[in-house]
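# Architecture and fold: a report
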Amino acid sequence: MVKQTTILVVEDDMAIREMMAFSLQQEGYSPVKAASAHAALEWLNQGRPDLVIIDWGLPDMTGIELIEVIRRDQLIKAVPIIMLTARGEEADKVKGLETGADDYLTKPASVAELLARIKAHLRRSKGFDDSEILAFEALTLDSQAHQVKVLNNPINLSLTEFKLLKLFLMNPNKLLAREQILNHVWGRNVYIDDRTVDVHILRLRKALKPHNCEKMIQTVRGAGYKLVAP
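Description of the structure in this document. (Residues numbered from 1 in each chain as written. Predicted model: local features only at pLDDT ≥ 70, side-chain atom pairs only at ≥ 80, totals over all residues. Heavy atoms only, no water.)

### Focus: the nonpolar core
Filter applied, for reference: Put simply, a nonpolar core is a bunch of buried Ala, Val, Leu, Ile, Met, Phe, Trp, Tyr and Cys residues held in one set by side-chain atoms that sit within 4.5 Å of each other. Only protein chains enter the area calculation, which uses a 1.4 Å probe; residues under 20% of their type maximum are buried, those over 50% are exposed, and those in between are partly exposed. Every helix listed is a DSSP run of H or I at least four residues long, and every strand listed is a run of E at least two residues long, numbered separately from the N terminus. In what follows, a contact means two residues having at least one pair of non-hydrogen atoms within 4.5 Å.
The biggest cluster of nonpolar side chains holds 29 residues, and the ones touching the most others in it are Leu 139, Phe 168 and Ile 181. Taken together, the elements giving at least two residues each to this core come down to strand E6 (133–136), strand E7 (139–142), strand E8 (147–150), helix H6 (159–170), helix H7 (178–186), helix H8 (194–208) and strand E12 (224–227). At six residues, H6 tops the list of elements feeding residues into this core. Filtering out sequence-adjacent residues up to four positions away, Ile 181 remains in contact with Leu 164, Leu 167, Phe 168, Leu 176, Trp 186, Val 197 and Tyr 225. Grouped together as the second largest cluster of nonpolar side chains are 23 residues, Leu 8, Ile 54, Ile 81 and Met 83 included.

Rendered as structure tokens:
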């Protein structure tokens, strides 16, 4: 376990917040606790965590609103975010993922599952520190700079969208089944459903649309997705 990996826990329930912080500390992480969205933002103005865990029902703004603020901030927008909430309806999960969460866990979630997902997201977020540059048609992706361009016009992507696009650029014109995408982007030991893939594909297309590249991510009905020439 890598020491001093900072995880920001935004949770208004003191018992849950303290339990999570204790569990994270036992695993060698450095937890930062925030009881409200504003407390979290105050800390984020001074530091950058390696991952953020956010509850939906915060006292001053919703977890959804907090995610929107984070994703608009150029310095911290790529940080992995896990929503941990009692809201378990599919519509809530879709809203959380569409807003910018990289993962969504419903309370009561086991500590073991939460830690497994944290490890998976941290492993992937630190796995792109290479100098690889990938290109296909007008798209160019620079892994080291964490930058994507269309004909030299930069595109803002979240970490998950960046990883999705990198996977497609590594496999142009190849059909990628949802299971393959899940394994390569989220990890084999993380249990999430196919809907998560679909939601993040929609977000990636939305980011590509202003550059007329959204149709490059083609849906193969009943099979998966592939990157094709426009």
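### As for helix H1 (residues 14–26)
Note the following rule: A helix's residues, less one, multiplied by 1.5 Å, set its expected span. Throughout, the arc means that of the directions going from the helix axis to the C-beta atoms. Any pair of N or O atoms that falls within 3.5 Å is considered a polar contact. Within protein, one atom must be able to donate a hydrogen and the other to accept it, and sequence-neighbouring residues count only if both atoms are side-chain atoms.
Its 13 residues give H1 an end-to-end C-alpha distance of 18 Å, which sits within 8% of 18 Å, the value for a rise of 1.5 Å per residue. Every buried residue of H1 is accounted for by Arg 17, Met 20, Ala 21, Ser 23 and Leu 24. Along the axis of H1, the buried residues cluster in a sector spanning 165°; they form a single face. Relative to its buried face, H1 has exposed residues pointing more than 90 degrees away, namely Met 14, Ala 15, Phe 22, Gln 25 and Gln 26. In this fold, the buried residues of H1 make contact with strand E1 (5–10), strand E2 (29–34), strand E3 (51–54), strand E4 (81–85) and helix H5 (111–125). Where H1 starts, the residue carrying a side-chain oxygen 3.0 Å from the main-chain nitrogen of Ala 15 turns out to be Asp 13. Two residues or fewer past H1, Gly 28 is found with a positive phi of approximately 95°.

### Overview of the packing of aromatic side chains
Using the following cut-off: Aromatic pairs are defined between Phe, Tyr and Trp rings, using the six-membered ring for Trp, whenever the two ring centres lie within 6.5 Å; interplanar angles under 30 degrees are classed as stacked, those over 60 as edge-to-face, and all others as tilted. In this scheme, the term charge over a ring applies when either NZ of a lysine or CZ of an arginine sits within 6 Å of the ring centre and within 35 degrees of the ring normal.
In this structure the tally under the stated criterion is zero aromatic pairs. Lying over the aromatic face of Trp 56, Arg 87 brings its terminal NZ or CZ to 4.2 Å of the ring centre.

### Observations concerning the sheet that holds E1
Two orientations exist for strands paired in a sheet by backbone hydrogen bonds: parallel and antiparallel. Selection rule: DSSP-based pairing: two strands are paired if at least 2 bridges between them are found. Only the contacting stretch of a helix is used when fitting its axis, a line to C-alpha atoms as for every element, and angles between N-to-C directions run 0 to 180 degrees.
Pairing in this open sheet of five strands is parallel, and the strands run E2-E1-E3-E4-E5 from one edge to the other. Either end of the sheet is taken by a strand with one partner, and the two such strands are E2 and strand E5 (103–106). In this sheet, neighbouring strand axes are inclined to one another by 20° on average, regardless of whether the strands run parallel or antiparallel. Pairing of E1 with E3 involves four bridges; the strand directions are parallel. Pairing of Ile 7 across the sheet is with Leu 51, part of E3. Against the sheet, helix H2 (residues 37–44) contacts E1 and E2, and its axis sits at roughly 155° relative to E1.

### So, the side chain of Lys 166
Summarising the element assignment, Lys 166 is placed in helix H6. Overall, the relative accessible area of 5% leaves Lys 166 in the buried class. Looking at Lys 166, its side chain comes within polar contact range of the side chain of Ser 143, at 3.1 Å.

### Some details on H7
Count 3.6 residues to each turn of an α-helix, and residues three or four apart come out pointing the same way. Every buried residue of H7 is listed here: Arg 178, Ile 181, Leu 182, Val 185 and Trp 186. The buried residues of H7 occupy one face: seen down the axis, they fall within an arc of 100°. Turned more than 90 degrees from where H7 packs its buried face, Glu 179 and His 184 sit exposed.

### Here we look at empty space enclosed by the protein
How we decide: Method remark: on a 1 Å grid restricted to protein atoms, a set of points is classed as a cavity if a 1.4 Å probe fits but cannot get out and as a pocket if it is open with protein on both sides within 12 Å along at least five of seven lines; lining residues have an atom within 4 Å of a point. Grid points are joined across faces, edges and corners, and a volume is the space filled by probe spheres set on the points.
For the structure on display, the rule yields one cavity of 30 Å³ or more. Size it by volume and the largest cavity reaches roughly 30 Å³. Taken together, Met 19, Met 20, Ser 23, Leu 24, Val 111, Leu 114 and Leu 115 make up the lining of the largest cavity. Only H1 and H5 provide two or more residues apiece to the lining of the largest cavity. Broken down by element, the lining of the largest cavity gets its largest block of residues, four residues, from H1.

### Some points on the sheet that holds E12
Pairing in this open sheet of three strands is antiparallel, and the strands run E10-E12-E11 from one edge to the other. The open sheet has two edge strands with one neighbour each: strand E10 (176–177) and strand E11 (217–220). Here E11 runs beside E12; their pairing, made up of four bridges, is antiparallel. Residue pairing in the sheet places Thr 219 in a bridge with Tyr 225 of E12. Those strands touched by H6 are E10, E11 and E12, and its axis lies near 70° from that of E12.

Read these as layout, nothing more, since geometry by itself doesn't imply function.
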